[in-house]
Amino acid sequence: MKRIGFLSFGHWTDHPSSATRSAADVLTQSIELAEAAEEVGADGAYFRVHHFARQLASPFPLLAAAGARTRRIEIGTGVIDMRYENPAYMAEDAGAADLISGERLQLGISRGSPEQVVEGYRHFGHEPGPGESDADMARRHTARFLDLLDGEGFAEPNPQPMFPNPPGLLRLEPHSPGLRRRIWWGAGSRATAEWTAAQGMNLMSSTLLTEDTGVPFHALQAEQIQRFRDAWAAAGHDWEPRVSVSRSIFPITDDRDRAYFGLETQSTDQVGIIDGGRARFGKTYAGEIDEIVAALAGDTAIAAADTLLLTVPNQLGVDYNAHVMENVVAHVAPALGWR
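This text gives an overview of the structure that appears in the document. (Residues numbered from 1 in each chain as written. Predicted model: local features only at pLDDT ≥ 70, side-chain atom pairs only at ≥ 80, totals over all residues. Heavy atoms only, no water.)

Examining the overall build of the protein chain
Here is step 1 of the chain: Within the protein chain one finds 10 helices and 12 strands.
Here is step 2 of the chain: Seen along its three principal axes, the alpha-carbon backbone of the protein chain occupies a region of about 70 × 40 × 40 Å.
Here is step 3 of the chain: A buried classification covers 50% of the 339 residues belonging to the protein chain.
Here is step 4 of the chain: Once local pairs closer than 6 in sequence are excluded, the contacts in the protein chain between residues at least 24 apart make up 72%.
Here is step 5 of the chain: For the protein chain, the accessible area works out to roughly 15,300 Å², and carbon and sulfur atoms hold 51% of it. (Helix = DSSP H or I, 4+ residues; strand = E, 2+ residues; numbered from the N terminus. Buried < 20%, exposed > 50% of the residue type's maximum accessible area, 1.4 Å probe, protein only. Contact = heavy atoms within 4.5 Å. Areas by Shrake-Rupley, 256 points an atom, 1.4 Å probe, with all protein chains shown as cover.)

Considerations on the pairing of strand β3 (residues 74-81)
Here is step 1 of the chain: Within β3, eight of the eight residues are buried, which leaves it mostly tucked inside the rest of the structure.
Here is step 2 of the chain: After leaving strand β2 (residues 44-47), the chain enters helix α2 (residues 60-69) and then returns to the sheet as β3, a path that is right-handed.
Here is step 3 of the chain: As judged from the five bridges shared by β3 and strand β4 (residues 105-110), these two strands associate in the parallel manner. Each residue of the ladder has a partner; that of Ile80, found in β4, is Ile109.
Here is step 4 of the chain: Traced from β3 through helix α3 (residues 87-100) to β4, the parallel crossover comes out right-handed. (Right-handed = clockwise from strand over helix to strand, strands pointing away. Pairing = 2+ DSSP bridges.)

Things to note about helix α10 (residues 318-335)
Along an α-helix, residues three or four apart share an orientation, since each turn contains 3.6 residues.
Here is step 1 of the chain: Between its first and last C-alpha atoms α10 spans 25 Å; for 18 residues at 1.5 Å apiece the expected length is 26 Å, and the two agree.
Here is step 2 of the chain: Bending of α10 peaks at approximately 30 degrees at the position of Val328.
Here is step 3 of the chain: Within α10 the residues assigned to the buried category are Val318, Tyr320, Asn321, Ala322, His323, Val324, Met325, Asn327, Val328, Val329, Val332 and Ala333.
Here is step 4 of the chain: Of the surrounding elements, those touching the buried residues of α10 are β1 (3-8), α1 (23-39), β8 (243-251), α7 (255-261), α8 (289-296) and β12 (307-312).
Here is step 5 of the chain: One or two positions beyond α10, positive phi appears at Gly337, with a value near 80 degrees. (Expected span 1.5 Å × (residues − 1). Bend = angle between axes of the 7 residues up to and from the residue.)

With respect to the pattern of salt bridges
Think of it this way: side chains of opposite charge can pair up when their charged atoms draw near.
Here is step 1 of the chain: Under the definition given, this model contains 23 salt bridges.
Here is step 2 of the chain: Note that Asp299 and Arg247 form a salt bridge whose closest N and O atoms lie 2.9 Å from each other. In this pair, Asp299 is assigned in the loop between α8 and α9 (300-304) and Arg247 in strand β8, connecting sequence segments 52 residues apart. Accessibility assignment for this pair places Asp299 and Arg247 in one class, buried.
Here is step 3 of the chain: One salt-bridge network, in which partners are shared between bridges, spans Asp81, Arg83, Arg111, Glu115 and Asp134. (Salt bridge = Lys/Arg side-chain N within 4 Å of Asp/Glu carboxyl O.)

Notes on the packing of aromatic side chains
Here is step 1 of the chain: All chains considered together, the criterion is met by 10 aromatic pairs.
Here is step 2 of the chain: On the basis of an interplanar angle of 80 degrees and a centroid distance of 5.6 Å, the ring pair of Phe6 and Phe47 is categorised as edge-to-face. A residue pair is termed long-range when its members are at least 10 positions apart, and Phe6 in strand β1 and Phe47 in strand β2 qualify at 41 residues.
Here is step 3 of the chain: Using a relative accessible area of 0% as the deciding quantity, one classes Phe6 as buried. (Phe/Tyr/Trp six-rings, centres within 6.5 Å; stacked < 30°, edge-to-face > 60°.)

Written as structure tokens, this is what we have:
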């Protein structure tokens, strides 16, 4: 059994061909897409976070709204850029959104992707410390965030408070006790996956890795997953982690599918440059259902993961993306033994 959800970048473009022409369109349709995912039998609704871009940004209002409008599926992110985050305020927002959803939040966090602006985190009031890189700062913010999610009291209470306090040091509220084990780190390399395991976070791997060894993408990603699991065992954590991978999968079942993705049937891995280093991008799976089933059967990283996130073209609208998810859930997943 694999959990299958969608991952939306939340783009909007003021163009006649786009179903999402404004931020309001994207936000309302994201909630509707979460509802549609639940209706077609999918397991999760995940959203990207990008600042200074015409895409989804501050995630917690959306997560809370989607959680309030659904009953079963996971609601998550992939990923929140921790360079931009105030850990204490984030812990409060995350606790509230998780409780609203009935403790269904799955938060993917990370150092973040290449930015739209130069050192955008500085505009949010965050400065790396002496000798610290922006990636170091992201990990420092993460460590503080994880500590706060543990729910231990740390703040000295006012001896003359406005409202009565419980005994002892105070923690941030609202606190959701199970959320700490539902934090994921978006790892772009094998070494980062090992670090993720040491910190006690679930592994979220995407359609690109910031390294290239010359092997197919899925094989490199499968190695990353195995290194994560080995490091997890070595760390001695007392609970089982989860692993997700993201894929672009488009079964061609009608003329719309053929028009949108017919040219992707010959897709292959790509190698490019991200932040000055070589990166390997996974291919798109497009074709007739039997062709996709055969191709996915050889994807060793999907086989190693328990969660598959389908990257969706959100600008094609809710109905079309629900159609894509339904085809994967109803036809592709059972043929591969995922259902």
